[in-house]
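Residues per chain, in single letters:
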Amino acid sequence: MLAAIGPLQPTSMPAPLLSLVIPMRNEAECIAGLCDRLEAIIADLDEPCEVICVNDGSTDATLTLLLERQKTMSCLRIIDLSRNFGKEAALTAGLEAARGACVVPLDADLQDPPELVGAMLEKWREGFEVVNAARSERRTDTAMKRLTAALFYYVTNKITDIEIPKNVGDFRLMDRKVVDAICALPERTRFNKGLFAWVGFRQTTLTYVRPPRAAGETKWKYWRLWNFALDGITSFSSIPLRIWSYVGAAAASLSMIYAVAVVLRTLIFGIDVPGYASLIVTVMFFNGLTMLSLGAIGEYLSRIFIETKQRPIYIVRALHEPSGEDPAALASGEEAAP
Ligand code: UDP
Ligand code: MG
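Just so we're clear, the structure is a prediction, and the values are computed from it rather than from any experiment.

**As for the site of ligand 1**
Lining the immediate environment of ligand 1, one finds 19 residues, of which Glu-27, Asp-56, Asp-109, Thr-218 and Lys-219 sit closest. Here Arg-25 contributes a backbone N or O atom positioned 2.9 Å from an oxygen atom of ligand 1. At 2.6 Å, a side-chain N or O of Asp-56 approaches a nitrogen atom of ligand 1. Calculation on ligand 1 without its partners gives an accessible area of 530 Å², and the protein chains cover 94% of this total. A class-by-class count of the residues in the shell around ligand 1 yields four nonpolar, four polar and 11 charged.

**Remarks on the layout of surface pockets**
Roughly 1400 Å³ of internal volume is contained in the largest pocket. Lining of the largest pocket is provided by 49 residues; of these, Lys-145, Lys-193, Trp-220, Leu-225 and Phe-228 occupy positions nearest its centre. At the level of elements, strand S2 (18-24), helix H3 (87-97), helix H5 (143-159), strand S7 (168-175) and helix H8 (222-236) are the ones that each hand at least two residues to the lining of the largest pocket. Here the element with the most residues in the lining of the largest pocket is H8; it accounts for eight residues. Taken together, the residues of the lining of the largest pocket break down into 21 nonpolar, nine polar and 19 charged. The volume enclosed by the second largest pocket comes to roughly 710 Å³. Surrounding the second largest pocket, 22 residues form its lining, Phe-85, Ala-89, Arg-188, Thr-189 and Asp-231 being those nearest its centre. Mapped onto the lining of the second largest pocket, the elements with two or more residues apiece are H3, H8 and helix H10 (276-309). The leading source of residues in the lining of the second largest pocket is H8, at four residues.

**Quick look at the packing of aromatic side chains**
Under the criterion given, the structure shown has six aromatic pairs. An aromatic cluster is defined as three or more aromatic residues linked by ring pairs; in this entry it consists of Phe-152, Tyr-153, Phe-191, Phe-228 and Phe-236. Between the NZ or CZ atom of Arg-83 and the centre of the ring of Phe-85, over which it lies, the distance is 3.9 Å.

**Quick word on the side chain of Thr-204**
Among the secondary structure elements, Thr-204 is positioned in strand S8 (residues 203-208). Residue class for Thr-204 comes out buried when judged on its relative accessible area of 16%. For Thr-204, the residues in contact, after removing those within four places along its chain, are Lys-123, Phe-128, Val-130, Val-131 and Asn-132.

**Things to note about helix H4 (residues 117-125)**
Taken together, the buried positions of H4 are Val-117, Met-120, Leu-121 and Trp-124. For H4, the angular spread of the buried residues around the axis is 100 degrees, confining them to a single face. Elements that come into contact with the buried residues of H4 comprise S2, helix H1 (28-45), strand S5 (102-105), strand S6 (130-135), S7 and S8.

**Some remarks on the pattern of salt bridges**
Tallying each qualifying case throughout the model produces 17 salt bridges. The salt bridge involving Asp-175 is made with Lys-177; its shortest N-O contact spans 3.8 Å. Looking at Asp-175, the relative accessible area reads 11%, which means it is buried. For Lys-177, a relative accessible area of 45% corresponds to the partly exposed category.

**Notes on the pairing of strand S4 (residues 76-81)**
On a regular strand, one side chain projects to one face of the sheet and the next to the other, so that they alternate. Where burial is concerned, most of S4 is hidden: six out of the six residues are buried. Of the two faces of S4, both are covered, the one formed by Leu-76, Ile-78 and Asp-80 as well as the one formed by Arg-77, Ile-79 and Leu-81. Relative to S4, strand S3 (residues 49-55) runs parallel, the two being bridged by five bridges. Paired with Val-54 across the strands is Ile-79, a residue of S4. Handedness of the crossover is the feature at issue here: the chain leaves S3, passes through helix H2 (residues 62-70), returns alongside S4, and the resulting connection is right-handed. Across four bridges, S4 lies against strand S9 (residues 314-320) in antiparallel orientation. Residue pairing for S9: Leu-81 is matched across the bridge by Val-316.

So, how was this worked out
Residues numbered from 1 in each chain as written. Chains lettered and ligands numbered in written order. Predicted model: local features only at pLDDT ≥ 70, side-chain atom pairs only at ≥ 80, totals over all residues. Heavy atoms only, no water. Near = heavy atom within 4 Å. Polar contact = N/O pair within 3.5 Å; in protein donor to acceptor, adjacent residues only side chain to side chain. Areas by Shrake-Rupley, 256 points an atom, 1.4 Å probe, with all protein chains shown as cover. Nonpolar A, V, L, I, M, F, W, Y, C, P; charged D, E, K, R; others polar. 1 Å grid on protein atoms, 1.4 Å probe; cavity = no way out; pocket = protein on both sides within 12 Å on 5 of 7 lines; lining within 4 Å. Points joined across faces, edges and corners; volume = space filled by probe spheres on them. Helix = DSSP H or I, 4+ residues; strand = E, 2+ residues; numbered from the N terminus. Phe/Tyr/Trp six-rings, centres within 6.5 Å; stacked < 30°, edge-to-face > 60°. Lys NZ or Arg CZ within 6 Å of the ring centre and 35° of its normal. Buried < 20%, exposed > 50% of the residue type's maximum accessible area, 1.4 Å probe, protein only. Contact = heavy atoms within 4.5 Å. Arc of directions from axis to C-beta. Salt bridge = Lys/Arg side-chain N within 4 Å of Asp/Glu carboxyl O. Pairing = 2+ DSSP bridges. Right-handed = clockwise from strand over helix to strand, strands pointing away.

Next comes the structure, spelled out in structure tokens:
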């Protein structure tokens, strides 16, 4: 298994049909409502299910509340990461621990309505290996977020080889084959949306109306979204690097033409001293281009640097299983849950 530190795969429990994977960062306000809804859905499905909550370095009562809930919720497994590794890493931890025949990642804030899971399972039984859930509209987002999201999908789908389905987040059902393929990918920069699209498989899409956050506030500020978009583009396309060869060729050709014009003009009309303005503009313009291209190289270089260090994607502090065999619970002397 990839880069996991800690016991992620206990052998004693039978594999369930469905794993629900939920990364959580400071979601204490959402846990009660989320678990109630999940328990209702699981009871309706009447199939063996597991819920994997990944505590991504929360600083509030998320872990305490989860451990409390686990005493009565026998399908709840908790992965406690050693710090905040980010949603993509937390989701990767959950996917690697999931044992279900199919896996559905969910947001903790109930923006991905778990009620859709039944319809997803039906599609899966029809033979689809990935069932995407696309939001039918983005009314709950701000105009700015809608615009930047549209721009992001346009740019990535134009300059990368993969087709990222529009308005589909991480909420989707994936067959075991798909999850195994994703977990086998060795990269450390996990742009999951891209990886999910990259692995392919037979896909279909359901639509749903995305409700606003149930409680708490979004953890994705614009700077973070921008870096996320950069990760996406640099993980799947080398065009931002290659484009500079063409920009350079175009600039060199134009400069040649201009050079010939300047030489001819000097020969015909003599030396023309004024020229400070054109000189400074040209110097600044080409310096700007050089820095931009260096910046693009830097973006890729920094990612190569991160990849070559081969650090794990996340570190697990403890895995809390609902059974009495939980090493973490035993070590801390807690009563094992029934
Ligand atoms: N999340 C996480 N680690 C982080 C940031 C977010 O595990 O560093 C989780 C968060 O708890 C939630 C999900 O990722 O379950 C989506 O986050 P959020 O709802 O804030 O994003 P939005 O829906 O606004 O895009
Ligand atoms: Mg959300």
